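# Residue-level structural notes
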Amino acid sequence: MNKINVFWIILIIIIPFSVYAEEPLIKNGEQLSMERCIEIALKVQPTLMRDRYMIMQKEALLGQAKSSYYPKVDVSAGVTRNFIEKQTNDPVFMGAYPYNAYNQNNGTASLNQMIYDFGRTPSDVKTKKFDLESSKFDLDSTITTVSNNVRSAYYEVLRTKRSRDVNLEAVNQNKQHLEQAKTLFTAGKKPKYDVTKAELDLSNAGLKLIGAENDLKIAQVKLNNAMGIVETAGYSIDDTLSFLEYTITLEDALEKAYRNRPDFKSLMAQKNAASMAVKRATKDYLPSINGKAGYNFTGSEYPLGQGWNAGVVMTLNLFEGNLTRNKVEESIAKARAIEANIESKRLDILLDVKQAYLNLLKAKDAIANTEIQVKQATENLELATLRYSAGIAEPLEVTDATVSYSQAKLSNISSLYDYKIAQANIEKAMGNK
């Protein structure tokens, strides 16, 4: 009875953890906000894992640089079998045992401690700290890029979804027009041409709807890719494509970009590391002072002879084929290359911010213009439909009005999408996650 109780207790404990471990990131039918999509991406995107492992690598290199501050202890032990030829004229022993054999045992324990290396180790440590700092900024930059990719893919899904809906509406409008044409033809008020023309228009609208449906599916795949998932669970997203004015001046955007951009900060950290590397390279012209101590065991018979030693050693390289000079020149060239990269990044930031800002203004004006177009196209379609129902309009007039209405709505959707993308790009250009 006790065994059965224990079994059920273990089962009750294990099952919830198993269910939790297998729970998918996205539940079927779940509605995701943009923030939730970004949260998923920051959790599972492989590019972020790459940068996190790079930080771990730089932390290990920093630890290696610090190791020179600590003593180095080595222990070795060995045994050597020695054979010495016998010196004898006795013919009996010369053939059978020509050698004397004995073991030589030895053991050594040594300690080496850097006393002063004229700044080599501190320079190495500072260089690795700047490298680590640069890697952390690189991770922040990747987070910014991943977040922007998710935003762009998210808005693309909304754009294609709204475009699909417009094309679906166009199909329904053409169906209604076809029914009108058939009714008027049956009543003898319109020729057969009107029915055929309406059927052709419906077929064309159907083809556009097929393309719009495919665009939506591709956009959803791209959003999954941006989040770093391969799940095919059906989920929906919040529609945030509606216009909400984003207010910022160009000057403020540029100031924030130069202050916050992680890729710019990464280059500045690399510059500090390169400057420190130049100082480190010049230290090889100077000597180094190390303390050492050792304890030795040696002999062919036990107890072995023992002894210890201690001392201080100063090492100064006099010539190594201009190795140090070339290391210094390499470090200087690397530092200057990074300085050039910094100036290039300044230009890139200026371009990114200005381009996003101008696109923001352009999209804002386009939204206002397309809203007017949608209003006018709606009125024109209603008027054309009424005129056709009254028998005073040609089918081409209805076709043109339907196409103009769809184009106006699609243009408005594209303008809203462009505005959101420009907003996302200016946020990325300023270094916002």
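Residues numbered from 1 in each chain as written. Predicted model: local features only at pLDDT ≥ 70, side-chain atom pairs only at ≥ 80, totals over all residues. Heavy atoms only, no water.

Turning our attention to the nonpolar core. By size, the foremost hydrophobic cluster in this structure holds 61 residues, and its most contacted members are Val150, Tyr154, Tyr155, Leu223, Met227, Ile237 and Val353. Every element with two or more residues in this core is listed here: α2 (34-44), α3 (46-66), α5 (120-186), α6 (192-227), α7 (250-260), α8 (262-282), α9 (323-389) and α10 (395-429). Residue contributions to this core peak at 12 residues, all from α5. Discounting chain neighbours no more than four positions away, the residues touching Tyr155 are Met34, Thr240, Leu241, Tyr417, Lys420 and Ile421. Core analysis: the next-biggest nonpolar cluster, separate from the first, contains 12 residues, Leu178, Ala181, Ala198 and Tyr388 among them. (Core = buried A, V, L, I, M, F, W, Y, C linked by side-chain atoms within 4.5 Å. Buried < 20%, exposed > 50% of the residue type's maximum accessible area, 1.4 Å probe, protein only. Helix = DSSP H or I, 4+ residues; strand = E, 2+ residues; numbered from the N terminus. Contact = heavy atoms within 4.5 Å.)

This brings us to the packing of α2 against α5. Where α2 contacts α5, the two axes come as close as 9 Å, and the packing angle between them is 135°. Overall, the two elements α2 and α5 adopt an arrangement that is oblique. With respect to the hand of their crossing, α2 and α5 are arranged in right-handed fashion. Of α5, the residues touching α2 (which contributes Met34, Cys37, Ile38, Ala41 and Leu42) are Ile143, Val146, Ser147, Val150, Arg151, Tyr154 and Tyr155. (Axes fitted to C-alpha atoms, helices over the stretch in contact; angles between N-to-C directions. Parallel < 35°, antiparallel > 145°, perpendicular 65-115°, else oblique. Left-handed = near helix turned anticlockwise from the far one by under 90°.)

Moving on to the packing of aromatic side chains. Any pair of aromatic rings gets described here by the distance separating the centres and the angle formed by the planes. Inspection of every chain in the model, using the stated rule, returns 5 aromatic pairs. Arranged with centres 4.6 Å apart and planes meeting at 55°, the rings of Tyr116 and Phe118 form a pair that is tilted. Classification of Tyr116 as partly exposed rests on a relative accessible area of 44%. In this structure Phe118 comes out as partly exposed when scored by relative accessible area, which is 25%. Lying across the ring of Tyr417, Arg159 places its NZ or CZ 5.5 Å from the centre. (Phe/Tyr/Trp six-rings, centres within 6.5 Å; stacked < 30°, edge-to-face > 60°. Lys NZ or Arg CZ within 6 Å of the ring centre and 35° of its normal.)

Here strand β5 (residues 288-299) runs beside strand β6 (residues 305-315); their pairing, made up of 11 bridges, is antiparallel. The residue of β6 that forms the bridge with Ser288 is Thr315. Joining the antiparallel neighbours β5 and β6 is a turn of 5 residues. (Pairing = 2+ DSSP bridges.)

This part takes up the environment of Glu245. On the secondary structure map, Glu245 appears in the loop between β4 (236-237) and α7. With relative accessibility at 45%, the residue Glu245 sits in the partly exposed group. Spatially, the C-alpha atom of Glu245 lies 9.5 Å from that of Gln423, the residues being 178 residues apart in sequence. Beyond its immediate sequence surroundings of up to four residues, Glu245 is in contact with Lys364 and Tyr419. Looking at Glu245, its side chain comes within polar contact range of the side chain of Lys364, at 2.5 Å. (Polar contact = N/O pair within 3.5 Å; in protein donor to acceptor, adjacent residues only side chain to side chain.)

On the surface, Met49, Tyr53 and Met56 cluster together into a nonpolar patch covering about 320 Å² of accessible area. Topologically, Met56 is positioned in helix α3. (Patch = residues over 30% accessible without salt bridge, like charges linked within 9 Å, V, L, I, M, F, W, Y side chains within 5 Å. Areas by Shrake-Rupley, 256 points an atom, 1.4 Å probe, with all protein chains shown as cover. Salt bridge = Lys/Arg side-chain N within 4 Å of Asp/Glu carboxyl O.)

This part is about the environment of Val146. If you trace the backbone, Val146 turns up in helix α5. Under the relative-accessibility criterion, Val146 is labelled buried at 5%. Remark: the alpha-carbon pair of Val146 and Leu202, spanning 56 residues in sequence, is separated by 41 Å. If near-sequence neighbours (up to four positions away) are discounted, Val146 is found in contact with Ala41, Leu42, Gln45, Thr47, Leu48 and Ala226.

Attention now moves to α6. Here α6 contains 36 residues, and its C-alpha end-to-end distance of 53 Å stays within 8% of the 52 Å for a straight helix at 1.5 Å per residue. Count one or two residues on from α6 and you reach Gly228, which has phi positive near 85°. (Expected span 1.5 Å × (residues − 1).)

Take it as geometry only, folks, not as evidence of what the structure does.
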